[in-house]
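Remarks on the overall topology
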Amino acid sequence: HSLLEWDVEGTRIDLFYFMELSVLGMRLRALARLIDQPVRTLADLEGLAIDGSFLKQESQDEMAAEHYRVLTHDMVPAASLFLERKAMLGGAVSGRVREAMEHTGFAPDTSSYPADHLVNVLLFLAHLADRQDIETLQRVTRMHVLSWMPLLIDALSQSGAKLFNEMGHEIELAMLGIGVDSLGTESDYPPLMELPFDMDKAELAAIGIYLATPIESGLFISKARLAIEARSHRLPTGFGTRAMTIEGLFRSAGQYEAIGAVCDFFDQEIESKEELWKRWSDTGAAHWSGEWAKKLANTRRVIETLREAEDTSS
């Protein structure tokens, strides 16, 4: 009799997992659609806990422009942006993600996006959820997703757009719902490296590239947020890449005696990212939390050196 009860209870647990993974798959696909295309109707938000009241306040053109700004101009949401040297899209990182996808029978559509783009990654996870392959889903999430997804979610929350802030929250809930073992230590991506320059001889151009490269500095700061910081101190930055914008920010700060204020900004960014990874350390990202903490510690030393150099010169 007790064995029969155990069998029945076991069946109920299996059904519970089936229902949970099915819901997870639907939510992941809904999020992929939102990343792929601007919202047009309430139907686009189906299955997600996102308030659609903004649809009455914003035009289709405004929503399309915001979609482009957040997901193309300010940040291309791809693993390689966060994990590739020099923050270049594609490369070995994208190749690793594609290999993981193909190994499980998932063929990413690369006609519009690289394999490591958020649209393809979300659809990949939905594919594994649909297959009820919880073991592979958790392993893939730990190895190929949690290494960068917290930074992407944080960037969405800093976008200044309520919709994308809510989308980031939905993605976070999906990651937590996968339930990855926080003790996993598998790693396919570059560990901490020493600074790519000698701080005693470093040019501002090299420092700009370093601070604009997440896998080296641990930071991702969009051009829009850099522009806001520059305007707050009336500092010109010039045009170009994020690395050139950061270089220009420090150069103009040196001319207008604002190095301390700019260093304060970067210190706040470092503290924010440290807190971010602490929050994720118990949710399957313990290994990555430690790796990114090392990068952030290095970057704090870089900023301290820049501040000290300014204090000495004055």
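Everything below is about the structure shown above.
As a starting point, this report considers the structure included with it. From a predicted model like this one, the values you see are computed outputs, not experimental measurements.

What about the overall build of the chain?
Helix and strand counts for the chain stand at 14 helices and zero strands. N-terminal to C-terminal, the α/β element order of the chain is α-α-α-α-α-α-α-α-α-α-α-α-α-α. Put simply, the chain has 314 residues, and 47% of those count as buried. Within the chain, contacts between residues separated by at least 24 positions form 67% of all contacts whose residues are at least 6 apart in sequence. Total accessible area on the chain is roughly 15600 Å²; 54% of this is exposed by carbon and sulfur atoms.

Some words on the pattern of salt bridges
Two side chains carrying opposite charge are able to pair once their charged atoms lie near each other. Inspection of the entire model under this criterion finds 15 salt bridges. Between R98 and E102 there is a salt bridge, with its nearest N and O atoms 3.0 Å apart. Taken together, the positions of R98 and E102, both in helix α4 (residues 91-103) and four residues apart, correspond to about one turn of that helix. Accessibility expressed as a relative area gives 33% for R98, which makes it partly exposed.

A few points about the packing of aromatic side chains
Overall, the coordinates contain six aromatic pairs when judged by the stated rule. Counting every residue linked through ring pairs, the aromatic cluster contains F82, W148 and F220. The positively charged end of K295 is found above the aromatic ring belonging to W292, 5.7 Å away from the centroid.

Here we look at the environment of A107
Turning to its location among the elements, A107 is positioned in the loop between α4 and α5 (118-130). Classification of A107 by relative accessible area gives exposed; the value is 65%. Considered as a pair, A107 and L123 are 16 residues apart in the sequence and their alpha carbons are 9.9 Å apart.

What about helix α9 (residues 204-211)?
Here α9 has its buried residues at I207, G208, Y210 and L211. Along the axis of α9, the buried residues cluster in a sector spanning 160 degrees; they form a single face.

Criteria and thresholds
Residues numbered from 1 in each chain as written. Predicted model: local features only at pLDDT ≥ 70, side-chain atom pairs only at ≥ 80, totals over all residues. Heavy atoms only, no water. Helix = DSSP H or I, 4+ residues; strand = E, 2+ residues; numbered from the N terminus. Buried < 20%, exposed > 50% of the residue type's maximum accessible area, 1.4 Å probe, protein only. Contact = heavy atoms within 4.5 Å. Areas by Shrake-Rupley, 256 points an atom, 1.4 Å probe, with all protein chains shown as cover. Salt bridge = Lys/Arg side-chain N within 4 Å of Asp/Glu carboxyl O. Phe/Tyr/Trp six-rings, centres within 6.5 Å; stacked < 30°, edge-to-face > 60°. Lys NZ or Arg CZ within 6 Å of the ring centre and 35° of its normal. Arc of directions from axis to C-beta.

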